[in-house]
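Structure at a glance
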Amino acid sequence: MADTMQFDLVSPERKLVSVQASEVQIPAAEGAMSAMPGHAATITTLRPGVLRVVTAEGTQEFVVTGGFAQITGDATSVLAEQALPRDEVTPEALAEMVAEAERRVNEAKSDFENEPGPVDDAAKLLSDMVAMGEEIGLNK
């Protein structure tokens, strides 16, 4: 078995990274997971959080707000709704992300008055966004 796998992270705006990685820590919707060479084939959705990529040069961190990850035995690809290198996330950028999540909650509350599912989903997104800000040390 190989010691590394191909890893690609793309967002609608750009390709953020394409490297050989020994591990990718993914903020999956069902809980954090690590993809490593030889991992079973998996497709998962992402929650807002910090994605970490371990390479021979060190660990790179990226903030993602959602999307999908596809893991095969020899590659992992992440298609993020929005992604930024951790060092590019400013308090202002985080505030914009949280404001967008708050907008989604308010929209869900007005659109789905008697349907808790969509409102709960939007509230979870907002909660995850705030928790991500705390994790990276940029509180709202």
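Structure shown above.
The following paragraphs examine the structure supplied in this document. (Residues numbered from 1 in each chain as written. Predicted model: local features only at pLDDT ≥ 70, side-chain atom pairs only at ≥ 80, totals over all residues. Heavy atoms only, no water.)

**Side note on the pattern of salt bridges**
Applicable threshold: Whenever a carboxyl oxygen of Asp or Glu lies within 4 Å of a side-chain nitrogen of Lys or Arg, that contact is scored as a salt bridge. Relative accessibility under 20% of the residue-type maximum defines a buried residue, over 50% an exposed one, and the middle range a partly exposed one, all with a 1.4 Å probe and only protein chains included. The numbering of helices and of strands both runs from the N terminus, where a helix is a DSSP run of H or I of at least 4 residues and a strand a run of E of at least 2.
Applying the stated criterion across every chain, the model contains 6 salt bridges. In this structure, Arg52 engages Glu61 in a salt bridge whose closest nitrogen and oxygen atoms are separated by 2.7 Å. Of the residues examined, Glu61 reaches a relative accessible area of 29% and is grouped as partly exposed. Measuring nitrogen to oxygen at the nearest pair gives 3.4 Å for the salt bridge that ties Arg104 to Glu100. Here the residue Arg104 and the residue Glu100 both occupy positions in helix H1 (residues 91-111), the gap between them amounting to 4 residues, near one helical turn. Among the charged side chains, a salt-bridge network with shared partners connects Glu100, Arg103, Arg104 and Glu107.

**Focus: the side chain of Thr44**
Let me state the cut-off plainly: Should any heavy atoms of two residues lie within 4.5 Å, those residues are considered in contact.
Structurally, Thr44 is set in strand S5 (residues 42-46). Thr44 has contacts with Ala28, Ala29, Met33, Gly67, Phe68 and Ala69, leaving out every residue within four places of it along the chain.

**Here's the deal with the pairing of strand S4 (residues 31-35)**
Worth spelling out the cut-off: Two strands pair if DSSP finds at least two bridges between them.
Here strand S3 (residues 23-28) runs beside S4; their pairing, made up of 5 bridges, is antiparallel. What sits directly across from Ala28, in S4, is Gly31. Remark: 2 residues form the turn of the hairpin made by S3 and S4, two consecutive strands paired antiparallel.

**Overview of the packing of H1 against helix H2 (residues 116-135)**
To be explicit about the condition: Think of each axis as a best-fit line through the C-alpha atoms, taken over the contacting stretch in the case of a helix, with angles from 0 to 180 degrees between the N-to-C directions. An angle counts as roughly parallel when it lies under 35 degrees, as roughly antiparallel when it exceeds 145, as roughly perpendicular when it falls between 65 and 115, and as oblique in every other case. When the near helix sits turned anticlockwise from the far one by under a right angle, the crossing is termed left-handed; a clockwise turn instead gives a right-handed crossing.
Their axes nearest at 8 Å, the elements H1 and H2 cross at an angle of 165°. Here H1 lies roughly antiparallel to H2, going by the angle between them. Of the two elements, H1 crosses H2, and the hand of that crossing is left-handed. Together, Leu94, Met97, Val98, Ala101, Glu102, Arg104, Val105, Ala108 and Lys109 of H1 and Pro118, Val119, Ala122, Ala123, Leu125, Leu126, Met129, Val130, Met132 and Gly133 of H2 make up the contact between the two elements.

**Here we look at the side chain of Thr55**
You can see Thr55 is positioned in strand S6 (residues 49-55). Excluding residues within four positions of it along the chain, Thr55 makes contact with Val19, Gln20 and Ala21.

Just geometry here; none of it tells us what the structure is for.
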